[in-house]
Amino acid sequence: MRLLLSTLLALVIATAVGLGLTYATATRGTDLGTLKIGAWTARPKNGTSDVDPYSRATIARSGELPIGTGDGIAFSATTDDKNKPLDGRCDIVVSGVTPAARFWTLTLFDRKGHLVANSLQRYGFTSQEIMRASDGTFEIHIASRSRAGNWLPTGGIERYALMLRLYDTPVGVATRTQRDAPMPSIATTGCP
């Protein structure tokens, strides 16, 4: 009887651990094949047939359609360069340059992947509408209160994510460092 109870307990524990780990990898993904440059993270293999099964499960669960390798790559950021979470009540500045790309977009999402509602109905910028300095660099202010120049409103939400999509770019699976892909910096400049 003791052997039967011990076996049943072991099976229940194994099932709970297995289901818990499956849920965690299907919702959060894994770091297999992840490209990290500064605060930006990308999974270049997500748009290929070589995608790992954990990432495939995450994609199926979220319903997101990844960018194909020949089309470009998507980078996301949930923290600034000093690993501080992006807070919609703070003033954040995204500045610098992007890697070579024919076209890029920078979009602000809440942590569930939805666009952040705001009165301006501005959810992001494209490479064609951004105001730049004479040297080609740009500065995007992300804050709840209006700013001059390139400004994305946060609506004061507590946490958000940025998505930088590069289209028709050489950045991909072989990219490894900031030198290969000069990503814009993300800095928290002030919090109320």
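Residues numbered from 1 in each chain as written. Predicted model: local features only at pLDDT ≥ 70, side-chain atom pairs only at ≥ 80, totals over all residues. Heavy atoms only, no water.

- Naming follows an unreviewed UniProt entry, where the protein chain appears as DUF1214 domain-containing protein of Bradyrhizobium quebecense.

1. So, the overall build of the protein chain
Phase 1: When helices and strands are tallied, the protein chain shows two helices and ten strands.
Phase 2: Overall, the protein chain shows an N-to-C arrangement of helices and strands of α-β-β-α-β-β-β-β-β-β-β-β.
Phase 3: Out of the 192 residues in the protein chain, the part that is buried amounts to 37%.
Phase 4: Contacts in the protein chain between residues far apart in sequence, at least 24 positions, make up 71% of those at least 6 positions apart. (Helix = DSSP H or I, 4+ residues; strand = E, 2+ residues; numbered from the N terminus. Buried < 20%, exposed > 50% of the residue type's maximum accessible area, 1.4 Å probe, protein only. Contact = heavy atoms within 4.5 Å.)

2. Re unusual backbone geometry
Phase 1: Even without glycine at this site, Asn83 takes up a positive phi of about 70°.
Phase 2: For Asn83, the location among the structural elements is in the loop between strand S3 (72-77) and strand S4 (91-96).
Phase 3: Looking at Asn83, the relative accessible area reads 60%, which means it is exposed.
Phase 4: Phi is positive for Gln121, which is not a glycine, with a value near 55°.

3. Quick notes on the state of the cysteines
Phase 1: Counted under the stated rule, the structure contains one disulfide.
Phase 2: One disulfide in the model links Cys90 with Cys191; its S-S distance is 1.8 Å. One disulfide, between Cys90 and Cys191, carries an S-S torsion of 100° and so falls in the right-handed class. Linking Cys90 in the loop between S3 and S4 with Cys191 in the segment after strand S10 (185-190), this pair joins segments that are 101 residues apart in sequence. (Disulfide = S-S within 2.5 Å.)

4. Remarks on the environment of Ile140
Phase 1: With respect to the helices and strands, the residue Ile140 is situated in strand S7 (residues 138-143).
Phase 2: Here Ile140 falls in the buried class, since its relative accessible area comes to 0%.
Phase 3: Among all residues touching Ile140, those that are not within four sequence positions of it are Ile92, Val93, Val94, Leu106, Phe125, Ile130, Asn150 and Leu152.

5. Looking at the sheet that holds S3
Phase 1: On the basis of which strands lie adjacent, the open sheet formed by six strands has the order S1-S2-S3-S9-S5-S6 and antiparallel pairing. Pairing within the sheet leaves two strands with one partner each, and these edge strands are strand S1 (35-37) and strand S6 (124-126). Strand-to-strand twist across the sheet, computed as the mean angle between neighbouring axes with direction ignored, equals 20°.
Phase 2: Where strand S5 (residues 103-110) lies against S6, three bridges are found, and the strand directions are antiparallel. Of the residues in S6, the one forming a bridge with Leu106 is Phe125. (Pairing = 2+ DSSP bridges. Axes fitted to C-alpha atoms, helices over the stretch in contact; angles between N-to-C directions.)

6. Re the pattern of salt bridges
Phase 1: Scanning all chains against the criterion turns up six salt bridges.
Phase 2: Where Asp91 meets Arg145, a salt bridge forms, and the shortest distance between an N and an O atom there is 3.8 Å. Taken together, the residues Asp91 in strand S4 and Arg145 in the loop between S7 and strand S8 (150-153) connect sequence positions 54 residues apart.
Phase 3: Overall, the relative accessible area of 16% leaves Asp91 in the buried class.
Phase 4: Residue Arg145 is classed as partly exposed on the basis of its relative accessible area, which comes to 44%.
Phase 5: Put simply, Asp168 and Arg102 hold a salt bridge, and the shortest N to O gap is 2.6 Å. Here Arg102 lies in the loop between S4 and S5 and Asp168 lies in the loop between strand S9 (160-167) and S10, a separation of 66 residues in the sequence.
Phase 6: The class of Asp168 is partly exposed, set by a relative accessible area of 40%. (Salt bridge = Lys/Arg side-chain N within 4 Å of Asp/Glu carboxyl O.)

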